[in-house]
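Survey of secondary and tertiary structure
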Amino acid sequence: MSNETILYEKQNGVAKITLNRPQALNAFTSEMNGELQEILKAADEDKKIRCFLITGSGRAFCAGQDLKGRTPEKKGSLGESLRARYNPVIARLRRTEKIVLAAVNGVAAGAGCNLALACDLRIASEEAKFIQAFVRVGLAPDSGGSFILPRLVGLSKAMELLLLGEPVDAGEALRIGLVAKVVSAGELPNAAQEMAERLAQGPRSIGLIKRAVNRAMLSDLESQLDYEAYLQEIAGKSADYDEGVRAFLEKRAPVFTGK
Ligand code: T3D
């Protein structure tokens, strides 16, 4: 199966899913979210697949929501967008018993960062950067970031990353436990495929390990995803969000007013 915005390949029990809008750093459009949901469902139902490997085309992993579709005339309801387009993806990645590995090949920002964090493991290239970019455009965290990030790095570091929106490079990501391993950009595809195949060949219990940790750490995920959507609906109606998007598209720093 191969679509325009998502590429899909199967090899040795691994479903390799590549976000494929490199000209926009693999930012999400509705079409891309829809294709991703379809492909994840198909991979989840395929008994031969035991591991998902998610990566990006070109120089980025994923820059989150495509902000070109978020001007005041086009933005619509951000709460509805999250409930229909992002939350089902995050819930699927966590709830499948298949192990999900992200090969973070470049920048992962906003919902793109939280997509990577919702995976079970991350292997990063030296070029990778993780950015909780929401605050930079006047938004609150979504796609599970408010729930998963503090569980990965602790409350204090999570608040720092969410409130300041500064990039975390690959070395720092390894140090704070965001990623399992860092390799060179050239090594990433093989290193990630190798790790994915090892997971795909693991015992029946690896799915049970995931279920156990989900139950211990993530049992309220769905209600937090819904709460994030509620908060993003408020943020999406703010003047600061309109300014944040305008500033990004005009390639300048935003001037926020707190409104
Ligand atoms: O439904 C909803 O709206 C709610 C859900 C929200 C979830 C979210 O994800 S909100 C957060 C959205 N994402 C961001 O705020 C990140 C925006 N991007 C950036 O901050 C930067 O592009 C990066 C830090 C990711 C990378 O910077 P850099 O300097 O390496 O690249 P660049 O020059 O900024 O971007 C390269 C091109 O990609 C550029 O296009 P151009 O000028 O060459 O034609 C840029 O506009 C485009 N691009 C990057 N990110 C996005 C994007 N285009 C649309 N949307 C993007 N998110």
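Here, every reference points to the structure presented above.
Attention in this report is confined to the structure presented alongside it. Keep in mind that what you see is a predicted model, and the values were worked out from it rather than measured.

1. Section: a nonpolar patch on the surface
There is a patch of nonpolar side chains on the surface, built from Leu-155, Met-159, Leu-163 and Leu-164 and spanning about 430 Å² of accessible area. Its location among the elements puts Met-159 in helix 5 (residues 155–164).

2. Some details on helix 8 (residues 205–217)
One full turn of an α-helix is made of 3.6 residues, so residues set three or four places apart face in the same direction. In this model, helix 8 (13 residues) spans 18 Å end to end at C-alpha, consistent with the 18 Å of a helix rising 1.5 Å per residue. Where the residues of helix 8 are buried, they touch helix 2 (78–95), strand 5 (99–104) and helix 7 (188–200).

3. Side note on the layout of surface pockets
A water-sized probe, rolled over the atoms, reveals where empty space remains. Empty space within the largest pocket amounts to approximately 880 Å³. For the largest pocket, the lining is made up of 35 residues, of which Ala-63, Gln-65, Leu-67, Val-137 and Phe-248 are closest to its centre. For the lining of the largest pocket, the element with the most residues is helix 10 (residues 239–249), which contributes five residues. Its residues assigned to classes, the lining of the largest pocket shows 21 nonpolar, seven polar and seven charged. When its volume is computed, the second largest pocket comes out at roughly 350 Å³. Residue lining of the second largest pocket: 17 residues in total, with Arg-94, Cys-119, Asp-120, Val-213 and Leu-218 positioned closest to the centre. Looking at the lining of the second largest pocket, the elements with two or more residues in it are strand 7 (121–125), helix 4 (145–153) and helix 8. Sorting elements by how many residues they give to the lining of the second largest pocket places helix 8 first, with five residues. Of the residues assigned to the lining of the second largest pocket, the class counts are 12 nonpolar, no polar and five charged.

4. A word on the nonpolar core
Leu-93, Phe-130 and Leu-178 are the most contacted members of the largest nonpolar core, which totals 52 residues. Tallying contributions element by element places helix 2 first for this core, with six residues. Residues in contact with Leu-93, not counting those within four places in the same chain, are Leu-40, Phe-52, Ile-54, Val-100, Leu-115, Ala-118, Cys-119 and Lys-210. Counting residues in each nonpolar core, the second largest holds 16 residues, with Val-14, Leu-53, Leu-188 and Ala-200 among its members.

5. Focus: the site of the ligand
Taken together, 29 residues sit near the ligand, with Gln-65, Leu-67, Arg-70, Ser-81 and Lys-251 positioned nearest. Within the side chain of Arg-59, one N or O atom sits 2.9 Å away from an oxygen atom of the ligand. Contact distances for the ligand include 2.9 Å between an oxygen atom and a backbone N or O atom of Ala-111. When the free accessible area of the ligand is taken as 1,100 Å², the share hidden by the protein chains comes to 78%. A molecule is said to occupy a pocket when more than half its atoms come within 2 Å of that pocket's grid points, and by this definition the ligand occupies the largest pocket. Elements represented by at least two residues in the shell around the ligand include exactly helix 2 and strand 6 (107–109). Ranked by residue count, the leading element in the shell around the ligand is helix 2, at five residues. Residues that form the shell around the ligand fall into these classes: 17 nonpolar, five polar and seven charged.

6. Details of the packing of helix 4 against helix 9 (residues 221–236)
Packing of helix 4 against helix 9 leaves a shortest axis separation of 8 Å and a crossing angle of 125°. By the angle class used here, helix 4 and helix 9 are oblique. Side by side, helix 4 and helix 9 meet where Gly-145, Ser-146, Phe-147 and Ile-148 of the first sit next to Leu-221, Gln-224 and Glu-228 of the second. Grouping the amino acids of the contact of helix 4 with helix 9 by side-chain chemistry returns three nonpolar, three polar and one charged.

7. Notes on empty space enclosed by the protein
The full count for this structure, using the stated rule, is two cavities of 30 Å³ or more. Considering only enclosed or pocket space, the largest cavity measures out at about 40 Å³ in volume. Lining the largest cavity are Cys-113, Leu-117, Phe-130, Gln-132, Leu-149, Leu-161, Glu-166, Val-168 and Leu-178. A breakdown of the residues in the lining of the largest cavity according to their chemical character gives seven nonpolar, one polar and one charged. By volume, the second largest cavity is sized at about 30 Å³. For the second largest cavity, the full set of lining residues is Phe-28, Asn-33, Leu-36, Tyr-86, Val-89, Ile-90, Ala-111 and Leu-115.

8. Structural notes on the packing of aromatic side chains
If you walk through the whole model with that rule in mind, you get two aromatic pairs. Each ring, one from Phe-28 and one from Tyr-86, has its centre 5.5 Å from the other, and the planes form 80°; the classification is edge-to-face. Taken as a pair, Phe-28 in the loop between strand 2 (14–19) and helix 1 (30–45) and Tyr-86 in helix 2 lie far apart in primary sequence, 58 residues in all. Under the relative-accessibility criterion, Phe-28 is labelled buried at 2%.

What counts and what doesn't
- Residue numbering note: each chain is counted from 1, following its sequence as written.
- Only residues with pLDDT of 70 or above have their local features reported here, since the model is predicted, and side-chain atom pairs are shown and tallied only from 80 upward, although totals for entire chains, interfaces and linings are computed over all residues.
- Neither water nor hydrogens contribute to the side-chain values; these are computed over all heavy atoms in the structure.
- Without a salt bridge and with relative accessible area above 30%, a residue can belong to a patch; like charges are then joined within 9 Å and nonpolar side chains (Val, Leu, Ile, Met, Phe, Trp, Tyr) within 5 Å.
- All accessible areas in this document rest on Shrake-Rupley with a 1.4 Å probe, and a residue is counted as covered only by the protein chains that are shown.
- Any Lys or Arg side-chain nitrogen found within 4 Å of a carboxyl oxygen on Asp or Glu counts as a salt bridge.
- Secondary structure counts use DSSP, requiring at least four H or I residues in a row for a helix and at least two E residues in a row for a strand, with both numbered from the N terminus.
- Between the first and last residue of a helix there are one fewer steps than residues, each counted as 1.5 Å, and that sum is the expected span.
- The criterion used for residue contact is that any of the two residues' heavy atoms lie within 4.5 Å.
- For cavity detection a 1 Å grid was placed over the protein atoms alone, and a set of points counts as a cavity when a 1.4 Å probe fits there but cannot get out; an open set counts as a pocket when protein lies on both sides within 12 Å along at least five of seven lines, with lining residues being those that have an atom within 4 Å of a point.
- Grid points are joined across faces, edges and corners, and a volume is the space filled by probe spheres set on the points.
- In this count, Pro and Cys sit with the nonpolar residues alongside Ala, Val, Leu, Ile, Met, Phe, Trp and Tyr, while Asp, Glu, Lys and Arg are called charged and the others, Gly among them, polar.
- In plain words, nonpolar cores are sets of buried Ala, Val, Leu, Ile, Met, Phe, Trp, Tyr and Cys residues tied together by side-chain atoms within 4.5 Å.
- With a 1.4 Å probe rolled over the protein chains alone, any residue whose accessible area is under 20% of its type maximum counts as buried; one over 50% counts as exposed, and the rest are partly exposed.
- Here a residue counts as near a molecule or strand whenever at least one of its heavy atoms sits within 4 Å of it.
- A 3.5 Å cut-off defines polar contacts: any pair of N or O atoms within that distance qualifies, except that in protein one atom must be a possible hydrogen donor and the other a possible acceptor, and neighbouring residues in sequence count only when both atoms are side-chain atoms.
- Cavity and pocket membership follows a simple rule, namely that a molecule belongs there if more than half of its atoms are within 2 Å of the grid points.
- Angular values range over 0 to 180 degrees, each being the angle between N-to-C directions of two axes fitted as lines to C-alpha atoms, with helices fitted over their stretch in contact.
- Should an angle fall under 35 degrees it is called roughly parallel, over 145 degrees roughly antiparallel, and 65 to 115 degrees roughly perpendicular, with every other angle called oblique.
- By convention, a stacked pair of Phe, Tyr or Trp rings (six-membered ring in the case of Trp) has centres within 6.5 Å and planes under 30 degrees apart, an edge-to-face pair has planes over 60 apart, and any other such pair is tilted.

These results come straight from atomic positions and should not be treated as a statement about function.
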